[in-house]
Amino acid sequence: MPFKYILLFLNCLITAICFGQLEDYEYMGVIKLSDSAFISYKLAFEELDGKIQGYSMSDLGGKHETKSNIKGTYDSDKKELSFAEYDIVYTKSPLGEIDMCLVNFTGGLRSLERSKAFSGPFQGLYPDKNPCLDGMLIMSASEEVQKRIDRMDRKIQKSKKVSQEVKDKISARKLVDTLTMSIVKKDENLNIFTKGKEIMVSIYDSGKVDDDRINLYVDDKLILENYSITREKKNIPVTITNKTAVVRVEAITEGTSSPNTVKVEVKDGPSLITTRTSLKTGEKAELTLVKQ
């Protein structure tokens, strides 16, 4: 085979141009339940040849924040989007309260490329397909949400009636930035569901290194004492022996810039989950690794 054809074949294989183009889409909005309660909701997925794969997040930044995997289809002829949550990646809900009510949605969407919003009823189903909570999904493209946030921030920043300190605290842009990653705060616990029992936990400082110090425990055993967080990842292997393993972070200092923040990565085989603790001196937060 001539060399130029080999290059062409490899290019097609890598970019999937020969078989369809992989595209990324992201939406933010709310779930409206039958009792008129609203829960924040985010969708992020890839589409290839009509098949979609990605994740959802509900109650972003809340005490029941949950991330789930999704899969489904987009039919460009019928202009119909269909997806279902099928696996919980992590949740802040207590293990005893997890009812695994999963969103199943089928509704009209004119175009993945051009549509900026969609809405419609969804059905909540348990893993055994028995019904649970139903409601309405109301979503907008993330880029449109960001535009509205930018306009809101500009109005806030131009206001002469609001102090700069208050402006910084109520920045809508900063609020949305915090929603791109789960943040575990004082006395919160993040349940992370794993496939394997040999897990690698890595901690580091992804922002300004300011001598944040922590104690880190695994199942109440002190692993790191008065440890100063740096940009270099510190890897801690964890073996789940009795269904669960609890990783606890305790803030010893807040460094030169409050609060004490630690980036935490949990690697479970090929899967990687990233979160961050945000604590004041003396506060603690936990991650519970749950072997499925």
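To start, this report covers the structure provided alongside it.

Parameters at a glance
- Residues numbered from 1 in each chain as written.
- Predicted model: local features only at pLDDT ≥ 70, side-chain atom pairs only at ≥ 80, totals over all residues.
- Heavy atoms only, no water.
- Helix = DSSP H or I, 4+ residues; strand = E, 2+ residues; numbered from the N terminus.
- Areas by Shrake-Rupley, 256 points an atom, 1.4 Å probe, with all protein chains shown as cover.
- Patch = residues over 30% accessible without salt bridge, like charges linked within 9 Å, V, L, I, M, F, W, Y side chains within 5 Å.
- Salt bridge = Lys/Arg side-chain N within 4 Å of Asp/Glu carboxyl O.
- Buried < 20%, exposed > 50% of the residue type's maximum accessible area, 1.4 Å probe, protein only.
- Pairing = 2+ DSSP bridges.
- Axes fitted to C-alpha atoms, helices over the stretch in contact; angles between N-to-C directions.
- Core = buried A, V, L, I, M, F, W, Y, C linked by side-chain atoms within 4.5 Å.
- Contact = heavy atoms within 4.5 Å.

## A look at the overall build of the chain
Step number 1: From N to C terminus, the chain includes four helices and 18 strands.
Step number 2: When the accessible area of the chain is evaluated, it comes to approximately 16,600 Å², of which 53% is carbon and sulfur surface.

## Examining a nonpolar patch on the surface
Step number 1: Together, F38, M136 and I138 make up an exposed nonpolar region whose accessible area comes to about 270 Å².
Step number 2: The topology assignment puts F38 in strand β2 (residues 38-48).
Step number 3: Among the residues examined, F38 registers a relative accessible area of 52% and is labelled exposed.

## A short note on the sheet that holds strand β17 (residues 271-279)
Step number 1: Judged by pairing direction, the sheet is mixed, and its five strands sit side by side in the order β9-β17-β16-β11-β14 without closing on themselves. In this open sheet, the two edge strands, each paired with only one partner strand, are β9 (182-184) and β14 (234-239). Each strand axis lies, on average, 30 degrees off the axis of its neighbour in the sheet, ignoring direction.
Step number 2: Note: strand β11 (residues 198-204) against β14, six bridges, orientation antiparallel. Along β14, the bridge assignment pairs I203 with K234.

## Remarks on the nonpolar core
Step number 1: In terms of nonpolar packing, the biggest core is built from 32 residues, with I192, I203, I214, L216, V266 and L289 touching the most fellow members.
Step number 2: Grouped together as the second largest cluster of nonpolar side chains are 21 residues, L81, F83, F118 and A141 included.

## Some details on the environment of V89
Step number 1: Inspection of the secondary structure puts V89 in strand β5 (residues 80-91).
Step number 2: We classify V89 as buried; its relative accessible area is 12%.
Step number 3: Along the primary structure V89 and K67 are separated by 22 residues, whereas in three dimensions their C-alpha atoms are 5.4 Å apart.
Step number 4: Beyond its immediate stretch of four places on either side in the chain, V89 contacts K67, S68, N69, N191, I192, F193 and I273.

## Details of the pairing of strand β6 (residues 102-108)
Step number 1: A large share of β6 lies buried, amounting to five of its seven residues.
Step number 2: As defined by bridge partners, β5 adjoins β6 across five bridges and the pair is classed as antiparallel. Considered in β6, the bridge of A84 is made with N104.
Step number 3: Strand direction decides the pairing type here: β6 and strand β7 (residues 117-125), joined by four bridges, are antiparallel. For L102, the partnering residue across the bridge sits in β7 and is L125.

## Considering unusual backbone geometry
Most peptide bonds take the trans form, and the phi angle of most residues other than glycine is negative.
Step number 1: Note the cis peptide between S258 and P259, where omega equals 0 degrees.
Step number 2: Relative to the elements of secondary structure, P259 occurs in the loop between β15 (244-251) and β16 (260-268).
Step number 3: A positive phi angle is found at K79, which is not glycine, with a value near 55 degrees.
Step number 4: The topology assignment puts K79 in the loop between β4 (66-75) and β5.
Step number 5: Even without glycine at this site, K243 takes up a positive phi of about 75 degrees.
Step number 6: Among the structural elements, K243 can be located in the loop between β14 and β15.

Don't take any of this as a statement about function, it's just geometry.
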